[in-house]
Structures are given as structure tokens and as C-alpha cells.
Amino acid sequence: MPERPVTALPLVSMNAADPTNTLMDKIVNLCKRRGVIFQSADIYGGFRSTYDYGPIGSLILRNVKDAWWKTMVQVRHDIVGIDAAILSPPAVWEASGHLENFTDPLVDCKECNERFREDQLDDPLSCPACGAKNSFTEARAFNLMFKTHAGPVEGSGHDVYLRPETAQGMFTNFKLVLETSRKKPPFGIAQIGKSFRNEITPGNFVFRTREFEQMEMEFFVPPEQAEEWYQYWCEQRMKWYIDLGIPEDQLRLRPHDQDELSHYSSGTSDVEFLFPWGWGELEGIANRGDYDLRQHSEHSGEKLTYFDPDLGEHYFPHVIEPAAGATRSMMAFLLAAYDEETVNDGVRTVLRFDPHIAPYKIAILPLSKKDTITPIAHQVFDLVKERWMVDYDETQNIGKRYRRQDELGTPYCVTIDFETLEDQSVTVRDRDSMKQDRVGIDRLVDYLSERLP
Ligand code: ATP
């Protein structure tokens, strides 16, 4: 059962951009092979840019969201959570400015009829699909919101939109949350949920999809404190990714240039990750002023100000918004965790996830399917299942099962063998060092508690 030692350093490094995209291919392949992410509607040939999260992927995604929720809501007394509707009427998007401004510049190639986002073309004069020169139409503003209708009747008056961001739910509920939660500025409202954008050029796996999940928080502050809180949230949000295992040299905080800022923003910084094709945004942190509350106040007629009893005055709080992508962050966690190393007889692929992100924390692996071993293996599973997410696998030889767990990023494998029947002990194998400890079943929960969240 002991494995052979490691003889070489990791083969795959994320320290530099990977122009050949081999790492992406490996990740996409692993995701399909191990049940992490599947192309949606695969049996019908697949639905472009839409993905389903399989048994493993749904656990990883949940862990990313849980880690965010814990940091942003659970351990703070100044932030509350909500879960707002995905469908909303045009009035919301008129007030937010999305109906008018949530657009990307769209161009068509007159030769091959492919469509592109003008601002993402490497060469604005040459079609990346057919190579034609100067074949693009004039750019026109293409609104990214998905529109549908509510009820059986189509037509104006029944139009509704799928939200393109979760943020507006926090603004439209500002007054109700303020009244019911006993919070006062500085305080925040957080939400995790699906958003939809009719992206012109989705791609790079789950980096840019038309349906994705966001983790957003609106932090409402007295105007004079806005700059201070903006700096605070930039630091906090960088720290979150680092604490969860993304190496610092694969992350950067990029302040927007003046000409990138929206007219109401006095500062925006992106947390960027070094993807195989270069730096890409994971999260934007924006100092939004009082734009959102003022807009919704004017459009709805509701007074969305806060009355400060000490000052004896009403004011519009300013908003600091850290807006992250859950699905996009998950991809960054996957890329950062991916590692290969040569053990004597070949290459071992390991996802070195932080235990918070790892889909399973433990795998219970009975050495044989024999009746004598199964009951005790079930007992061990029962011992740990309430506390942690645990896999139970009794198929194939133990070497293959270890490899599978390495590829899932499971921090600890617990093997039950024939000796277990004699000495009431199990073998615990560490994912990263592959070291094995013999641990008494009566000490197992303590042993794992010292090592796992
Ligand atoms: P981008 O410039 O990449 O289009 P954005 O600046 O429009 O992103 P925001 O509106 O700030 O993005 O959304 C916050 C976060 O939501 C992004 O940092 C990203 O992680 C995520 N996100 C936005 N659009 C998508 C998408 N189409 N697919 C997956 N995640 C997305």
C-alpha cells in the first residue's frame, strides 16, 4: 500500500502565462473525466457557453460560495444577506441605467456573418473567423440583458428582464433591510446568485458564460468614510483569495485608469488572476458614490436616505461594492490548485485545493469489498459523515483510487484493511506528501479535526 516517493518537481507551473493553453486543456479534460463541469445539454450536442456542474463541481462551487458567505456575512455583525428575485420589471433597469447603458460594441463580419465584441478584437481591421480585412460593419450598442415576458401575454407591459447582476436587489431592498435589520451605516447587504448576460463572445470555458453566479456585497457608508472603506475592501478582498490558497504571484489588484471609470465611480480596482491566456478579472471593487440609491429614489419615489439621529439629518449613503464571480473564481481555484509531479512510475495529477475548497475532505477506501471489511468501513464513514463531506469508494485497486482522490483534491484518504479488524486502526494518507499514518479508529475524528476545517 505505501506509495513510491516523489522524484521530480511539479511539471506544471502557473507562474507565467501559458501561451500553448495546455493547462486549460488539462483542466477541461479533468473536469469532464471526474464529474466537475460538463457541457450543458451534452446529449443534444451541447449548448454553447452553458455548463452544468456535476457531482464534484457542484461541491466545489458550493464551497467557494460558502467560503465567501462565511467571510462576508457569518463572521461580521455589520453585513446581512438577502436572496432576491432573478426576474424584475423594466423600471428597475431603467433606474439603474442598464436599459440604456449595459451594452457592448457589436460588429458583424460582412464576409462570414460572425459577430464580435469590437473592444475584444486583437486587430480591429481583421476578422478572426475568416481572416477578411476591413469587413466589419459599424459598431452598434448591443444590450446584454436577456428579456422575456411574464404571464401568458406578450408585449409591452409584460416585459421582464433576467438580472445581469445581483447588485440591484440590494438597492431596491435597501429601505426594507434598513427598517428590519436594525443596521445603520456603515453596514452591508450581501447576496449570492445567478446572473445572466447575453455575452457576444462567451468563452474560455466558464470564464465568460451567459449564465453565471455572482457574489456581491453593497456596503453603505457615510459619504466622508467612502474612500477609507474602499481601501479597506480592496485589501480584504485580495486577502480572501490568498487565504484560500491562490498564490500571491498569480493575483494582482489593478486600479482602473480614469477613462475606464463609470461617470459615478470615484475609484474601481479589479482583483485579477493570471489565467493561462493572461490577466483576467475575478472581482471588481467600486466606490459608487450615491448613484444607485439616488437613482432608485428618483425613479421609485421612495425616500432611500438614512436619517442620522446624531446629526439630525437625512443623507444618501455612499456605496462600496465588491462584486465577484463565483463560477469564474472557481475556475481560478481549479487552475491554481492543478499540479503534476513525477512519482517513480509516472505522473501524478493533484489538485492542491485548500481544504475549504476541496469537494471531499476525506475518502473512505475499504481495501476489499469482502463482507468482513465492509461493516467496519461503513462504521468509519458514519463516524465522519456528519462533520465533513466524505466520499466512499470501494471499486478498483487502491493505487487507482488514490489517483482519483488526488485528482479531486481530497486532503485525506482513510484506508480500511484486514489489519483494521485486528487492531481497530486505519491508514490515513495525506494528499500532498502522500505520507501515511496508522491511526486508531477511536482517535480518527480528533486526528482529522486537527487538520481539517
Ligand atoms: P468583464 O469585464 O469580464 O465582462 P465585468 O467588469 O462586466 O466583467 P462585473 O459587472 O464587475 O464584471 O461583474 C462582477 C464579476 O462577475 C466579474 O468580476 C466576474 O467575476 C463575474 N462575471 C461577470 N460577467 C461574467 C460572465 N459573463 N461569466 C462569468 N462570470 C462573469
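Model, not experiment: these values are computed from the prediction. (Residues numbered from 1 in each chain as written. Predicted model: local features only at pLDDT ≥ 70, side-chain atom pairs only at ≥ 80, totals over all residues.)

Novice: When you look at the sheet that holds strand β5 (residues 103-108) in this model, what are you seeing that I'm missing?
Specialist: Pairing between sheet strands relies on hydrogen bonds along the backbone, with the strands arranged either parallel or antiparallel. Read from one edge to the other, the open sheet built from three strands follows the order β6-β5-β7, with strand pairing classed as antiparallel. Either end of the sheet is taken by a strand with one partner, and the two such strands are β6 (115-117) and β7 (140-143). Each strand axis lies, on average, 50 degrees off the axis of its neighbour in the sheet, ignoring direction. Of the strand pairs in this sheet, β5 and β6 are connected by three bridges, and their pairing is antiparallel. (Pairing = 2+ DSSP bridges. Helix = DSSP H or I, 4+ residues; strand = E, 2+ residues; numbered from the N terminus. Axes fitted to C-alpha atoms, helices over the stretch in contact; angles between N-to-C directions.)

Novice: Looking at this structure, how should I read the environment of M215?
Specialist: Tracing the sequence through the fold places M215 in strand β11 (residues 211-221). Between the alpha carbons of M215 and P90 there is a distance of 23 Å; along the sequence they are 125 residues apart.

Novice: Explain the site of the ligand to me, please; I cannot follow it from the model alone.
Specialist: Of all residues adjacent to the ligand, which total 16 residues, the nearest are F212, G284, A323, G325 and R328. Broken down by secondary-structure element, the contributors of at least two residues to the shell around the ligand are β11, β14 (278-287), β17 (318-325) and α9 (326-337). For the shell around the ligand, a count of residues per class yields four nonpolar, five polar and seven charged. (Near = placed C-beta within 6 Å. Nonpolar A, V, L, I, M, F, W, Y, C, P; charged D, E, K, R; others polar.)

Novice: Which parts of the structure should I look at to understand the domain arrangement of the chain?
Specialist: Reports often express the size of an interface as the amount of accessible area lost when the parts come together. Domain parsing of the chain yields domain 1 (37-102 + 144-333) and domain 2 (360-449). For domain 1 versus domain 2, the distance between C-alpha centres works out to 40 Å. (Domains from an automatic or database assignment.)

Novice: Which parts of the structure should I look at to understand the pairing of strand β19 (residues 346-351)?
Specialist: Each regular strand displays side chains that alternate between the two surfaces of the sheet. Note: strand β18 (residues 338-343) against β19, six bridges, orientation antiparallel. By the bridge assignment, Y338 is partnered in β19 with L351. Joining the antiparallel neighbours β18 and β19 is a turn of two residues.

Novice: I would appreciate a short explanation of the nonpolar core in the present structure.
Specialist: Nonpolar side chains in soluble globular proteins tend to be buried together. The biggest cluster of nonpolar side chains holds 86 residues, and the ones touching the most others in it are V64, F333, I362 and V414. Here this core gets nine residues from one element, more than from any other, and that element is α9. Residue contributions to this core reach at least three from each of two domains, namely domain 1 (37-102 + 144-333) and domain 2 (360-449). Leaving out residues up to four positions away in the same chain, V64 has contacts with A326, S329, M330, F333 and I357. (Core = buried A, V, L, I, M, F, W, Y, C linked by C-beta atoms within 7 Å. Buried ≥ 20, exposed ≤ 12 C-beta atoms within 10 Å, placed from the backbone. Contact = placed C-beta atoms within 7 Å.)

Novice: Looking at this structure, how should I read helix α1 (residues 22-33)?
Specialist: In an α-helix, one full turn covers 3.6 residues, which means residues spaced three or four apart are oriented alike. For α1, built from twelve residues, the straight-helix expectation of 16 Å at 1.5 Å per residue is met to within 8% by its first-to-last C-alpha distance of 16 Å. At the C-terminal side of α1, G35 shows a positive phi close to 75 degrees. (Expected span 1.5 Å × (residues − 1).)

Novice: What's the story with the environment of Q436 in this structure? I'm lost.
Specialist: Relative to the helices and strands, Q436 resides in strand β24 (residues 436-440). Expressed as a C-alpha distance, the spacing of Q436 and D52, which sit 384 residues apart in the sequence, is 35 Å.

Novice: Please explain the packing of helix α10 (residues 374-385) against helix α13 (residues 441-449) as it appears in this structure.
Specialist: In helix packing, the relevant descriptors are the interaxial angle and the interaxial distance, both defined with respect to the helix axes. At their nearest, the axes of α10 and α13 sit 10 Å apart, and the two run at 35 degrees to each other. In the packing of α10 onto α13, the handedness of the crossing is right-handed. In this structure, α10 uses V380, L383 and V384 to contact α13, whose residues at the interface are I441, L444, V445 and L448. For the contact of α10 with α13, the residue count by class is seven nonpolar, no polar and no charged. (Left-handed = near helix turned anticlockwise from the far one by under 90°.)

Novice: Hey, could you run me through the packing of helix α2 (residues 55-74) against α9 in this one?
Specialist: Close contact between α2 and α9 brings their axes to 9 Å; oriented N to C, the two are set at 110 degrees. If you check the angle between α2 and α9, you find them roughly perpendicular. Residues I60, L61, V64 and K65 of α2 lie in contact with α9, whose contacting residues are A326, T327, S329, M330 and F333. Among the residues forming the contact of α2 with α9, the class breakdown is six nonpolar, two polar and one charged. (Parallel < 35°, antiparallel > 145°, perpendicular 65-115°, else oblique.)

Novice: Any chance you could explain the confidence of the model for the chain here in plain terms?
Specialist: Predicted coordinates in regions of low pLDDT should not be interpreted in detail. Across the chain, pLDDT averages 93, with 95% of residues at or above 70. Note that residues 1-16 has pLDDT below 50 and, in this model, 32 contacts with residues that lie over four places away or in other chains. (pLDDT = per-residue confidence, 0-100.)

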